[in-house]
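Here is how the chains run, residue by residue.
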There are 2 protein chains.
Amino acid sequence: MNEFLQAALDEAKKGYVEGGIPIGSVLVHNGKIIGRGHNKRVQDGSAILHGEMDALENAGRQPASVYRECTMYTTLSPCSMCSGTILLYGIPTVVVGENKSFMGEEELLRSRGVEVTVEDNQECFELMQRFIQEKPTVWNEDIGV
Amino acid sequence: MNEFLQAALDEAKKGYVEGGIPIGSVLVHNGKIIGRGHNKRVQDGSAILHGEMDALENAGRQPASVYRECTMYTTLSPCSMCSGTILLYGIPTVVVGENKSFMGEEELLRSRGVEVTVEDNQECFELMQRFIQEKPTVWNEDIGV
(Lines give C-alpha, C1' and ligand atoms only; values in the text may rest on other atoms or scores of the structure.)
Protein backbone atom coordinates (compact mmCIF):
# COMPACT_ATOMS: atom_id res chain seq x y z
CA MET A 1 0.00 0.00 0.00
CA ASN A 2 1.10 3.58 -0.65
CA GLU A 3 2.82 4.88 2.51
CA PHE A 4 0.49 7.86 2.85
CA LEU A 5 -2.67 5.80 2.47
CA GLN A 6 -1.14 3.51 5.08
CA ALA A 7 -0.69 6.53 7.38
CA ALA A 8 -4.36 7.45 6.82
CA LEU A 9 -5.36 3.87 7.62
CA ASP A 10 -3.21 3.97 10.77
CA GLU A 11 -5.21 7.05 11.82
CA ALA A 12 -8.47 5.22 11.09
CA LYS A 13 -7.33 2.29 13.24
CA LYS A 14 -6.42 4.69 16.04
CA GLY A 15 -9.96 6.05 15.86
CA TYR A 16 -11.41 2.53 16.00
CA VAL A 17 -9.39 1.68 19.10
CA GLU A 18 -10.69 4.88 20.74
CA GLY A 19 -14.25 3.70 20.06
CA GLY A 20 -14.72 6.17 17.24
CA ILE A 21 -15.65 6.05 13.57
CA PRO A 22 -12.61 4.55 11.80
CA ILE A 23 -11.89 7.06 9.06
CA GLY A 24 -8.44 8.59 8.81
CA SER A 25 -6.71 11.12 6.61
CA VAL A 26 -3.35 12.72 6.05
CA LEU A 27 -2.51 15.93 4.19
CA VAL A 28 0.74 15.63 2.25
CA HIS A 29 2.85 18.53 0.98
CA ASN A 30 5.91 17.88 -1.16
CA GLY A 31 6.19 14.30 0.03
CA LYS A 32 5.79 15.15 3.71
CA ILE A 33 2.77 14.71 5.99
CA ILE A 34 1.82 18.15 7.35
CA GLY A 35 -1.45 17.08 9.02
CA ARG A 36 -2.85 13.79 10.32
CA GLY A 37 -6.32 13.20 11.64
CA HIS A 38 -9.23 10.89 12.21
CA ASN A 39 -12.94 11.21 12.77
CA LYS A 40 -13.67 12.61 16.25
CA ARG A 41 -17.47 12.48 16.40
CA VAL A 42 -17.51 10.02 19.28
CA GLN A 43 -14.29 11.07 21.01
CA ASP A 44 -14.89 14.86 20.99
CA GLY A 45 -18.65 14.95 20.47
CA SER A 46 -17.85 16.75 17.23
CA ALA A 47 -20.23 17.34 14.34
CA ILE A 48 -17.49 18.62 12.02
CA LEU A 49 -14.30 16.66 12.76
CA HIS A 50 -14.38 14.10 9.99
CA GLY A 51 -10.98 12.58 9.24
CA GLU A 52 -10.19 15.05 6.48
CA MET A 53 -11.28 18.04 8.59
CA ASP A 54 -9.18 16.86 11.53
CA ALA A 55 -6.12 16.45 9.29
CA LEU A 56 -6.63 19.96 7.89
CA GLU A 57 -7.12 21.41 11.35
CA ASN A 58 -4.00 19.68 12.62
CA ALA A 59 -2.02 21.06 9.66
CA GLY A 60 -2.77 24.51 11.08
CA ARG A 61 -3.14 27.75 9.17
CA GLN A 62 -1.39 27.42 5.83
CA PRO A 63 -1.11 29.85 2.93
CA ALA A 64 -3.10 29.09 -0.20
CA SER A 65 0.13 28.27 -2.04
CA VAL A 66 0.76 25.27 0.25
CA TYR A 67 -2.72 23.76 -0.15
CA ARG A 68 -2.36 24.04 -3.92
CA GLU A 69 0.60 21.65 -3.77
CA CYS A 70 -1.02 19.15 -1.42
CA THR A 71 -2.56 15.72 -1.77
CA MET A 72 -5.27 14.57 0.64
CA TYR A 73 -5.18 10.84 1.43
CA THR A 74 -8.32 9.54 3.07
CA THR A 75 -9.54 6.04 3.84
CA LEU A 76 -13.13 6.74 2.69
CA SER A 77 -14.68 8.74 -0.15
CA PRO A 78 -15.04 12.36 1.09
CA CYS A 79 -18.55 13.56 1.97
CA SER A 80 -19.88 16.93 0.82
CA MET A 81 -18.41 18.76 3.83
CA CYS A 82 -14.90 17.40 3.28
CA SER A 83 -15.18 17.77 -0.49
CA GLY A 84 -16.30 21.38 -0.08
CA THR A 85 -13.28 21.99 2.13
CA ILE A 86 -10.97 20.44 -0.46
CA LEU A 87 -12.50 22.87 -3.00
CA LEU A 88 -12.22 25.86 -0.65
CA TYR A 89 -8.49 25.36 -0.29
CA GLY A 90 -7.86 24.30 -3.86
CA ILE A 91 -6.29 20.95 -2.93
CA PRO A 92 -5.65 19.50 -6.40
CA THR A 93 -5.32 15.78 -5.68
CA VAL A 94 -7.26 13.34 -3.51
CA VAL A 95 -6.46 9.66 -2.98
CA VAL A 96 -9.38 7.64 -1.60
CA GLY A 97 -9.01 4.28 0.16
CA GLU A 98 -12.43 3.01 -0.84
CA ASN A 99 -15.88 4.22 -1.89
CA LYS A 100 -17.95 1.06 -1.53
CA SER A 101 -18.98 1.82 2.07
CA PHE A 102 -19.92 5.40 1.16
CA MET A 103 -19.84 7.30 -2.12
CA GLY A 104 -18.93 10.91 -1.47
CA GLU A 105 -18.78 13.88 -3.80
CA GLU A 106 -16.15 12.48 -6.15
CA GLU A 107 -18.03 13.68 -9.22
CA LEU A 108 -18.36 17.23 -7.86
CA LEU A 109 -14.62 17.26 -7.12
CA ARG A 110 -13.76 16.01 -10.60
CA SER A 111 -16.13 18.53 -12.20
CA ARG A 112 -14.10 21.28 -10.47
CA GLY A 113 -10.79 19.92 -11.69
CA VAL A 114 -9.67 17.87 -8.69
CA GLU A 115 -7.86 14.63 -9.55
CA VAL A 116 -9.51 11.86 -7.54
CA THR A 117 -8.02 8.36 -7.42
CA VAL A 118 -9.82 5.48 -5.72
CA GLU A 119 -7.55 2.69 -4.50
CA ASP A 120 -10.32 0.21 -3.69
CA ASN A 121 -8.30 -0.92 -0.70
CA GLN A 122 -9.63 -4.01 1.03
CA GLU A 123 -8.28 -3.17 4.49
CA CYS A 124 -9.94 0.27 4.50
CA PHE A 125 -13.18 -1.37 3.38
CA GLU A 126 -13.15 -4.14 5.98
CA LEU A 127 -12.44 -1.77 8.88
CA MET A 128 -15.30 0.49 7.79
CA GLN A 129 -17.68 -2.46 7.34
CA ARG A 130 -16.85 -3.80 10.77
CA PHE A 131 -17.72 -0.45 12.36
CA ILE A 132 -20.93 0.01 10.35
CA GLN A 133 -22.13 -3.42 11.50
CA GLU A 134 -21.20 -2.72 15.11
CA LYS A 135 -22.54 0.84 15.40
CA PRO A 136 -24.91 1.61 12.51
CA THR A 137 -26.63 4.47 14.36
CA VAL A 138 -23.39 6.36 14.98
CA TRP A 139 -22.39 5.85 11.38
CA ASN A 140 -25.71 7.14 10.07
CA GLU A 141 -25.44 10.21 12.30
CA ASP A 142 -22.03 10.94 10.80
CA ILE A 143 -23.42 11.10 7.28
CA GLY A 144 -26.61 12.92 8.22
CA VAL A 145 -28.92 9.95 7.70
CA MET B 1 -33.58 43.03 10.98
CA ASN B 2 -34.71 39.45 11.56
CA GLU B 3 -33.82 38.50 15.15
CA PHE B 4 -31.77 35.47 14.07
CA LEU B 5 -29.77 37.39 11.49
CA GLN B 6 -29.21 39.94 14.25
CA ALA B 7 -27.89 37.15 16.49
CA ALA B 8 -25.54 36.06 13.69
CA LEU B 9 -24.38 39.67 13.29
CA ASP B 10 -23.82 39.90 17.05
CA GLU B 11 -21.54 36.84 16.73
CA ALA B 12 -19.70 38.51 13.84
CA LYS B 13 -19.18 41.64 15.94
CA LYS B 14 -17.88 39.52 18.81
CA GLY B 15 -15.35 38.04 16.40
CA TYR B 16 -14.30 41.50 15.24
CA VAL B 17 -13.73 42.68 18.80
CA GLU B 18 -11.56 39.59 19.38
CA GLY B 19 -9.42 40.60 16.39
CA GLY B 20 -10.92 37.88 14.20
CA ILE B 21 -12.71 37.66 10.89
CA PRO B 22 -16.19 39.10 11.51
CA ILE B 23 -18.49 36.40 10.20
CA GLY B 24 -21.14 34.96 12.48
CA SER B 25 -23.83 32.31 12.24
CA VAL B 26 -26.63 30.77 14.24
CA LEU B 27 -28.38 27.45 13.72
CA VAL B 28 -32.10 27.70 14.45
CA HIS B 29 -34.42 24.78 15.19
CA ASN B 30 -38.15 25.35 15.63
CA GLY B 31 -37.67 29.02 16.40
CA LYS B 32 -34.86 28.47 18.89
CA ILE B 33 -31.11 28.98 18.50
CA ILE B 34 -29.37 25.65 19.13
CA GLY B 35 -25.87 26.74 18.06
CA ARG B 36 -24.07 30.09 17.81
CA GLY B 37 -20.64 30.68 16.37
CA HIS B 38 -18.20 32.93 14.63
CA ASN B 39 -15.07 32.53 12.56
CA LYS B 40 -12.14 31.41 14.75
CA ARG B 41 -9.24 31.43 12.28
CA VAL B 42 -7.35 34.12 14.15
CA GLN B 43 -8.50 33.33 17.69
CA ASP B 44 -7.96 29.53 17.58
CA GLY B 45 -5.53 29.28 14.66
CA SER B 46 -8.25 27.23 12.98
CA ALA B 47 -8.44 26.31 9.31
CA ILE B 48 -11.97 24.95 9.57
CA LEU B 49 -13.89 27.06 12.09
CA HIS B 50 -15.79 29.38 9.79
CA GLY B 51 -18.85 30.95 11.41
CA GLU B 52 -21.22 28.27 10.14
CA MET B 53 -18.90 25.45 11.20
CA ASP B 54 -18.48 26.93 14.67
CA ALA B 55 -22.26 27.25 15.06
CA LEU B 56 -22.72 23.61 13.99
CA GLU B 57 -19.97 22.45 16.32
CA ASN B 58 -21.47 24.38 19.21
CA ALA B 59 -24.88 22.83 18.49
CA GLY B 60 -23.25 19.48 19.31
CA ARG B 61 -24.16 16.08 17.92
CA GLN B 62 -27.73 16.18 16.63
CA PRO B 63 -29.81 13.53 14.90
CA ALA B 64 -30.49 13.97 11.20
CA SER B 65 -34.14 14.73 11.97
CA VAL B 66 -33.16 17.93 13.81
CA TYR B 67 -30.90 19.29 11.05
CA ARG B 68 -33.70 18.72 8.56
CA GLU B 69 -35.87 21.20 10.46
CA CYS B 70 -33.15 23.83 10.88
CA THR B 71 -32.38 27.16 9.29
CA MET B 72 -28.80 28.43 9.13
CA TYR B 73 -28.46 32.20 9.47
CA THR B 74 -25.07 33.53 8.44
CA THR B 75 -23.76 37.04 7.87
CA LEU B 76 -21.88 36.12 4.67
CA SER B 77 -22.59 33.84 1.72
CA PRO B 78 -21.36 30.34 2.70
CA CYS B 79 -18.14 29.09 1.07
CA SER B 80 -17.83 25.61 -0.41
CA MET B 81 -16.81 24.09 2.96
CA CYS B 82 -19.82 25.50 4.81
CA SER B 83 -22.15 24.81 1.88
CA GLY B 84 -20.92 21.22 1.73
CA THR B 85 -21.64 20.89 5.44
CA ILE B 86 -25.15 22.29 4.96
CA LEU B 87 -25.64 19.62 2.28
CA LEU B 88 -24.17 16.84 4.45
CA TYR B 89 -26.69 17.49 7.18
CA GLY B 90 -29.60 18.27 4.89
CA ILE B 91 -30.25 21.73 6.36
CA PRO B 92 -33.10 22.90 4.13
CA THR B 93 -32.99 26.70 4.57
CA VAL B 94 -30.17 29.24 4.64
CA VAL B 95 -30.53 32.97 5.26
CA VAL B 96 -27.50 35.00 4.12
CA GLY B 97 -26.71 38.50 5.39
CA GLU B 98 -24.89 39.57 2.24
CA ASN B 99 -23.02 38.17 -0.75
CA LYS B 100 -21.34 41.28 -2.15
CA SER B 101 -18.13 40.78 -0.14
CA PHE B 102 -17.94 37.11 -1.14
CA MET B 103 -20.14 34.95 -3.33
CA GLY B 104 -20.26 31.44 -1.94
CA GLU B 105 -21.86 28.29 -3.30
CA GLU B 106 -25.43 29.58 -3.36
CA GLU B 107 -26.06 28.06 -6.78
CA LEU B 108 -24.80 24.62 -5.71
CA LEU B 109 -27.06 24.78 -2.65
CA ARG B 110 -30.09 25.77 -4.72
CA SER B 111 -29.33 23.04 -7.27
CA ARG B 112 -29.56 20.51 -4.41
CA GLY B 113 -32.89 21.86 -3.19
CA VAL B 114 -31.74 24.20 -0.40
CA GLU B 115 -33.75 27.42 -0.09
CA VAL B 116 -31.27 30.29 0.05
CA THR B 117 -32.42 33.84 0.85
CA VAL B 118 -30.03 36.79 0.63
CA GLU B 119 -30.97 39.75 2.83
CA ASP B 120 -28.47 42.20 1.33
CA ASN B 121 -27.98 43.63 4.80
CA GLN B 122 -25.93 46.82 4.92
CA GLU B 123 -24.56 46.31 8.43
CA CYS B 124 -23.23 42.83 7.61
CA PHE B 125 -21.64 44.27 4.46
CA GLU B 126 -20.00 47.25 6.15
CA LEU B 127 -18.50 45.14 8.96
CA MET B 128 -17.04 42.73 6.42
CA GLN B 129 -15.70 45.54 4.24
CA ARG B 130 -14.03 47.19 7.21
CA PHE B 131 -12.21 43.96 8.07
CA ILE B 132 -11.18 43.24 4.46
CA GLN B 133 -9.63 46.71 4.21
CA GLU B 134 -7.86 46.35 7.55
CA LYS B 135 -6.55 42.77 7.15
CA PRO B 136 -6.73 41.70 3.50
CA THR B 137 -4.13 38.95 3.93
CA VAL B 138 -6.03 37.22 6.73
CA TRP B 139 -9.22 37.46 4.71
CA ASN B 140 -7.61 35.95 1.63
CA GLU B 141 -6.20 33.10 3.71
CA ASP B 142 -9.70 32.35 4.95
CA ILE B 143 -11.05 31.86 1.45
CA GLY B 144 -7.99 30.00 0.14
CA VAL B 145 -6.74 32.85 -2.05
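Residues numbered from 1 in each chain as written. Chains lettered and ligands numbered in written order. Predicted model: local features only at pLDDT ≥ 70, side-chain atom pairs only at ≥ 80, totals over all residues. Heavy atoms only, no water.

- By the naming in an unreviewed UniProt entry, chain A is Nucleoside deaminase, taken from Rufibacter hautae.
- According to the UniProt record, the Subcellular location (unreviewed entry) comment for chain A reads "Cytoplasm".
- Turning to chain A, the UniProt annotation filed under Pathway (unreviewed entry) states: "Pyrimidine metabolism." (UniProt positions renumbered as here; feature names shortened; annotations may be inferred.)

1. Some remarks on the packing of helix α3 (residues 51-59) of chain A against helix α5 (residues 80-88) of chain A
Residue and element names in this part refer to chain A.
- Contact geometry for α3 and α5: axes closest at 8 Å, N-to-C directions at 35°. Here Glu52, Met53 and Leu56 of α3 come into contact with α5, specifically with Met81, Cys82 and Thr85.
- For the contact of α3 with α5, a count of residues per class yields 4 nonpolar, 1 polar and 1 charged. (Axes fitted to C-alpha atoms, helices over the stretch in contact; angles between N-to-C directions. Helix = DSSP H or I, 4+ residues; strand = E, 2+ residues; numbered from the N terminus. Contact = heavy atoms within 4.5 Å. Nonpolar A, V, L, I, M, F, W, Y, C, P; charged D, E, K, R; others polar.)

2. Description of the interface of chain A and chain B
- Contacts between chain A and chain B engage 34 residues on the former and 34 residues on the latter.
- Taking both partners together, chain A and chain B bury about 2800 Å²; carbon and sulfur atoms supply 54% of that area.
- Three residues, Ile48(A), Arg61(A) and Leu88(A), lead the burial of chain A against chain B; their summed loss comes to 26% of the area buried on that side.
- Scanning the region where chain A abuts chain B turns up 4 salt bridges.
- Among the ionic pairs, Glu105(B) bridges to Arg112(A), the shortest N-O distance being 2.9 Å.
- Our count for the contact surface shared by chain A and chain B stands at 22 residue pairs in polar contact (both at pLDDT 80 or more).
- Of all the secondary structure elements, the ones that give two or more residues to the side of chain A that touches chain B are α2 (41-44), α3, α4 (64-67), α5 and α8 (136-142) of chain A.
- Residue contributions to the side of chain A that touches chain B peak at 6 residues, all from α5(A).
- Of the residues in the side of chain A that touches chain B, the class split is 17 nonpolar, 9 polar and 8 charged. (Buried area = accessible area lost by both parts, 1.4 Å probe. Salt bridge = Lys/Arg side-chain N within 4 Å of Asp/Glu carboxyl O. Polar contact = N/O pair within 3.5 Å; in protein donor to acceptor, adjacent residues only side chain to side chain.)

3. Side note on the nonpolar core
- Counting residues in hydrophobic clusters, the biggest one holds 70 residues, and the most contacted among them are Ile91(A), Trp139(A), Ile91(B) and Trp139(B).
- Once you skip the residues sitting within four places of it in the chain, Trp139(B) turns out to touch Ile21(B), Ile23(B), Leu76(B), Ser101(B), Phe102(B), Met128(B), Phe131(B) and Ile132(B). (Core = buried A, V, L, I, M, F, W, Y, C linked by side-chain atoms within 4.5 Å. Buried < 20%, exposed > 50% of the residue type's maximum accessible area, 1.4 Å probe, protein only.)

4. Brief notes about the relation of the copies chain A and chain B
- Mapping chain A onto chain B calls for a rotation angle of 180° and an axial translation of 0.0 Å; the resulting RMSD is 0.0 Å. A rotation of that kind, with that shift, is consistent with a two-fold axis. It is Gly84(A) whose C-alpha, among those of chain A, lies nearest the rotation axis, at 2.5 Å.
- Most of the interface of chain A is mirrored in chain B: 100% of its interface residues are interface residues there too. (Least-squares fit on C-alpha atoms with pLDDT ≥ 70 in both.)

5. What about the state of the cysteines?
- What the rule picks out here adds up to 0 disulfides over all chains.
- No disulfide involves Cys70(A); its sulfur sits 15 Å from the nearest other cysteine sulfur, which is in Cys82(A).
- Here Cys82(B) stays free of any disulfide, with the sulfur of Cys79(B) as its closest cysteine sulfur at 3.9 Å. (Disulfide = S-S within 2.5 Å.)

6. Let's talk about helix α7 (residues 122-134) of chain B
Residues and elements named next belong to chain B.
- Along its 13 residues, α7 runs 18 Å from first to last C-alpha, staying within 8% of the 18 Å computed at 1.5 Å per residue.
- Close packing links the buried residues of α7 with α1 (3-17), β3 (70-76), β4 (93-98) and α8 (136-142).
- Its side-chain oxygen placed 2.9 Å from the backbone nitrogen of glutamate 123, asparagine 121 serves as the N-cap of α7. (Expected span 1.5 Å × (residues − 1).)

7. Some details on the pattern of salt bridges
- Scanning the entire structure with this criterion turns up 20 salt bridges over all chains.
- Note that Lys100(A) and Asp120(A) form a salt bridge whose closest N and O atoms lie 3.8 Å from each other. Within this pair, whereas Lys100(A) is found in the loop between β4 (93-98) and α6 (106-111), its partner Asp120(A) is found in the loop between β5 (115-118) and α7 (122-134), the two being separated by 20 residues in sequence.
- Asp120(A) gets classed as partly exposed once you look at its relative accessible area, which sits at 46%.
- As a salt-bridge pair, Arg41(B) and Asp142(B) come within 2.5 Å of each other at their nearest N and O atoms. With Arg41(B) in helix α2 (residues 41-44) and Asp142(B) in helix α8, the pair connects residues that are 101 residues apart, well separated along the chain.
- Overall, the relative accessible area of 0% leaves Arg41(B) in the buried class.
- Under the relative-accessibility criterion, Asp142(B) is labelled buried at 1%.
- Salt bridges linked by common partners bring Arg41(A), Glu141(A), Asp142(A) and Arg61(B) together as one network.

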